[in-house]
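# Per-entry structural report
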Amino acid sequence: MNKVLVLHGPNLNLLGTRQPEVYGHQTLEDINNALYQEAALGGWEIACRQSNHEGELIDLIQAARLDGTAAIIINPAAYTHTSVAILDALNAFDGTVIEVHLSNVHRREPFRHHSYVSLRADGVIAGLGSQGYRAALDAVMAG
Ligand code: DQA
C-alpha cells in the first residue's frame, strides 16, 4: 500500500488556541482526522506526527527513507526559516515532498519569506489554512 507521512513542526500542537486569527480554529487532531479519512478513501496508508524538536523531525524523515514512504507532507513551522538540517534530511529522501503552511507566509514578516525546505519541495502550499494539507494529500494521491 502507498504510504504518506505528514509532519507537523514546533508549536503546531497548539493549533486551535494558538493565534487562531492567523492559524485557524481547527486543532491538530481535527486536521489529522480529516487527513486519515481522506487517505483511507484513497487507499493510502498515512502517519501524522508532530514534534517540537528539530532532531526528532529529522529522525522521522530518516525513518521514512527506509520504510517505503512515498511522500512527505511537511509543515516545518518556524524551522522552515532556519533549518538547514531539515533540508539536508529531506534531500536524502527520494520521494515526493510537499511543504504546507497554514498562513500565507509571504504576507507576513520578512523573516518568514525565506524557506530552506522550499529548496527541496516539489510543491508548496501557503495560506489555505487546514485545506492546504488536504490539497497536498490530493496531489500526492493523484501521483
Ligand atoms: C507556519 C508559518 C511559520 O512561519 C510559523 O513559524 C509557524 C506556522 C504556518 O503554518 O503558517 O509556526 O508554518
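In what follows, the structure referred to is the one given above.
Reference entry: report on the structure contained in this document. Remember, predicted model here, so these are calculated numbers, not experimental data. Each chain carries its own residue numbering, running from 1 in the written order of its sequence. The model is predicted, so local features are restricted to residues of pLDDT at least 70 and side-chain atom pairs to those at 80 or more, both for listing and for counting; the totals for chains, interfaces and linings are taken over all residues. With hydrogens and water excluded, all non-hydrogen atoms of the structure serve as input to the side-chain values.

## A few points about the nonpolar core
For our purposes a nonpolar core is just a set of buried Ala, Val, Leu, Ile, Met, Phe, Trp, Tyr and Cys residues, chained together by side-chain atoms within 4.5 Å. Relative accessibility thresholds used throughout: buried, under 20% of the residue-type maximum; exposed, over 50%; partly exposed, between the two (1.4 Å probe, protein chains only). Of all hydrophobic cores here, the largest spans 23 residues; its most connected members are Val 4, Ile 46, Ile 73 and Tyr 133. Put simply, DSSP marks the helices as runs of H or I at least four residues long and the strands as runs of E at least two long, and each gets a number from the N terminus on. Put simply, the parts of the chain that give this core at least two residues each are strand E1 (3-8), helix H2 (28-42), strand E2 (45-50), strand E3 (71-75), strand E4 (96-101) and helix H5 (131-142). With 17 residues, the next largest nonpolar core counts Leu 57, Ile 72, Ala 89 and Val 97 among its residues.

## Examining the environment of Ser 103
Positionally, Ser 103 belongs in the loop between E4 and strand E5 (123-126). The exposure class of Ser 103 is buried, given its relative accessible area of 8%. For the pair Ser 103 and Gly 129, spaced 26 residues apart in the sequence, the C-alpha separation amounts to 6.1 Å.

## Examining H5
The span you would expect from a helix comes to 1.5 Å times its residue count less one. For H5, built from 12 residues, the straight-helix expectation of 16 Å at 1.5 Å per residue is met to within 8% by its first-to-last C-alpha distance of 16 Å. All buried positions along H5 are accounted for by Gly 132, Tyr 133, Ala 136, Leu 137 and Val 140. Down the axis of H5, the buried set is contained in an arc of 135°. They therefore lie on one face. Away from its buried face, by an angle of more than 90 degrees, H5 presents the exposed residues Gln 131 and Ala 142. Any two residues whose heavy atoms approach within 4.5 Å at even a single point are treated as in contact. Looking at the packing, one finds that the buried side of H5 touches E1, H2, E2, E3, E4 and E5. The directions considered for the arc run from the helix axis to the C-beta atoms.

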